[in-house]
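Understanding the architecture of this molecule
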Amino acid sequence: MKIIIVDDEAIFRDYLRQALEWESYGMSISGEARNGEEALALMRADPPDVALVDINMPIMDGLELTERLRAEGLPTDVVLVTGHNEFEYARTAIRLGVEDYILKPFSKDELVLTLLKCRNKRQIELKAKQTERADRELMLGSALQRLVTGETAQQADAIAGRLEQFGLDLSERHSVAVIEIDHMERKWNEPAERQLWKFAVTNILQETLEEEGDVFLFHGAEGRIVILRKEGPASGAARTGEGKAPPKLDGYDKVCRYIRKYLKLTVTIGVGGGYSGPEGIRRSYEEAREALRSKFLLGEDRVIDYASLDPGSAGTSFLAESNDRLAHALRMGDWSELELRLDGLFREIRERKLSLDLTYVSCMGWVSVALSHVTEAGHPIEDCFGEHFFPYSDIRALETVDAVKEWMKSLFRQAFDYVGKHKKTRSSNIAKGARQLIEEKYGDPELTVEAVAGSLFINPSYLRAVFKKAYGMTASEYLIHVRMEKAKELIGGGLKHSDIAERVGFNDPGYFSKSFRKFFGLSPSEYENGLTRG
């Protein structure tokens, strides 16, 4: 409790300063003044809890000072300390609302009891204010939560009317921000711990954003903190909820910095557009949630404005193409190629800016490729990945696309190593030798499965069987695959299509063109034109 001494006698000020061991009572002398005018200036700058004030002073006396304090609404309690024992002084002091009236000389016990009485009164008032504030915040938060999560139009209007009682006018534009503590579930197992950290984050949010304008905070779903922030008066279409205005982002970056600095943790903030009306507030909330979800691709510890997101486009062929690429790399038993494929696919996710849902669908497709590789080799999935393998839940628990990429690499490595370890040595060596021969001599138009089998001194039928088992495709299919992929690499490099056909083992350019279209769905010319336009 901070106390100021106001008396024109320096000796008495010194006496009061040394009369008690103030700290032992939880009190401190925060200032001194020689008259009411000096005291008023000090209390305007830093209001103390209690002022020990003499009545008779030059310039401005104690009664006038008390009257000025009350007129200006300053919260300091006044205890008059004086040698005057006159009824008129006491009556005036009571009328002005002083806390007590101590006559000189007084004992230290009398002074202590008076100050403790003041402190007790302030504690009761503070507790009442805190209870009132907590009740108000609870009711406000409940109303806002019902508003943003969706009520009928009639209920929404009733909620809007209720919010007006709290000083929140929805006819003005507001934006919604949703704040999530990064990795909260992983950092703290106990709900009480999470609540404590959310409380600390909320305090920083309130202290930082109050400087920026009107803000309303409440706790939303999934352990998130939600902010409704006044953007300004609505105009034109914005009044109907159709118009949109960019939100004020000032302060949110500062919040991230302060939380990182003082709490040693990070938060991600998704911000929706500025709208008016109940429907506009809901729309901004959904935009903020969508922006927050995009941290999966963009990364955490940042502010993500919904307006800055580009939904992008992804061809419907992305999933099928990606599955085929990974399946082929697995069958070929080439980990370096497989890792490059995975890196390339996750790079495509970023470049194409796939939606979160399509990203999850893609990932589950790739998981299926890894599982199929194990089952096609004749092994139970649980033998490779264990009985408690729940890939969808595992992926959804990861918070960034980089974390999913590492998880996916680990999964494919596990499948790759497991199948490789359980392959039969002789048959796998034969298949590997045939594969190497095809990759070396694909440009020879006379190369056939029979020629490959002859080079390995084995029966063509046996080669077909072991190759199919090892790589999931026949040797003939693999020969076509290699020739087409090599042709694809050469197109656009300045060579004639007839020369490319010859280089990849086709004597007939027409047959090459027909095979290329069958394999890729485009003729060599159409594919080259697409490269030029791209």
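Coordinates for the structure precede this section.
One can describe the packing of helix α2 (residues 36-45) onto helix α3 (residues 62-72) by two numbers: an axis separation of 10 Å at closest approach and a directional angle of 25°. Taken together, the axes of α2 and α3 are roughly parallel relative to one another. As α2 runs across α3, the sense of the crossing is right-handed. Here α2 contributes G36, A39, L40, M43 and R44 to the contact with α3, which in turn contributes L65, R68, L69 and E72.

In this section: the pattern of salt bridges. Using the criterion set out here, one finds 27 salt bridges in the structure. With a shortest N-O distance of 3.1 Å, R122 and D77 are connected by a salt bridge. Here R122 is found in helix α5 (residues 108-149), whereas its partner D77 is found in strand β4 (residues 77-82), with 45 residues between them in sequence. Here R282 ties to E279 by a salt bridge, and the two come within 2.9 Å at their closest N and O atoms. Here the residue R282 and the residue E279 both occupy positions in helix α10 (residues 277-293), the gap between them amounting to three residues, near one helical turn. Each of D49, D77, K121, R122 and E125 takes part in one network of salt bridges that share partners.

Time to look at helix α20 (residues 460-471). The first and last C-alpha atoms of α20 sit 16 Å apart over twelve residues, in line with the 16 Å expected at 1.5 Å per residue. L463, V466, F467, A470 and Y471 are the residues of α20 that are buried. For α20, the angular spread of the buried residues around the axis is 105°, confining them to a single face. Measuring from the backbone nitrogen of S461 back to the side-chain oxygen at the start of α20 gives 2.7 Å, which picks out N459 as the cap. Phi for G472, located one or two positions after α20, is positive at around 75°.

About the thresholds
- Residues numbered from 1 in each chain as written.
- Predicted model: local features only at pLDDT ≥ 70, side-chain atom pairs only at ≥ 80, totals over all residues.
- Heavy atoms only, no water.
- Axes fitted to C-alpha atoms, helices over the stretch in contact; angles between N-to-C directions.
- Helix = DSSP H or I, 4+ residues; strand = E, 2+ residues; numbered from the N terminus.
- Parallel < 35°, antiparallel > 145°, perpendicular 65-115°, else oblique.
- Left-handed = near helix turned anticlockwise from the far one by under 90°.
- Contact = heavy atoms within 4.5 Å.
- Salt bridge = Lys/Arg side-chain N within 4 Å of Asp/Glu carboxyl O.
- Expected span 1.5 Å × (residues − 1).
- Buried < 20%, exposed > 50% of the residue type's maximum accessible area, 1.4 Å probe, protein only.
- Arc of directions from axis to C-beta.
- Polar contact = N/O pair within 3.5 Å; in protein donor to acceptor, adjacent residues only side chain to side chain.

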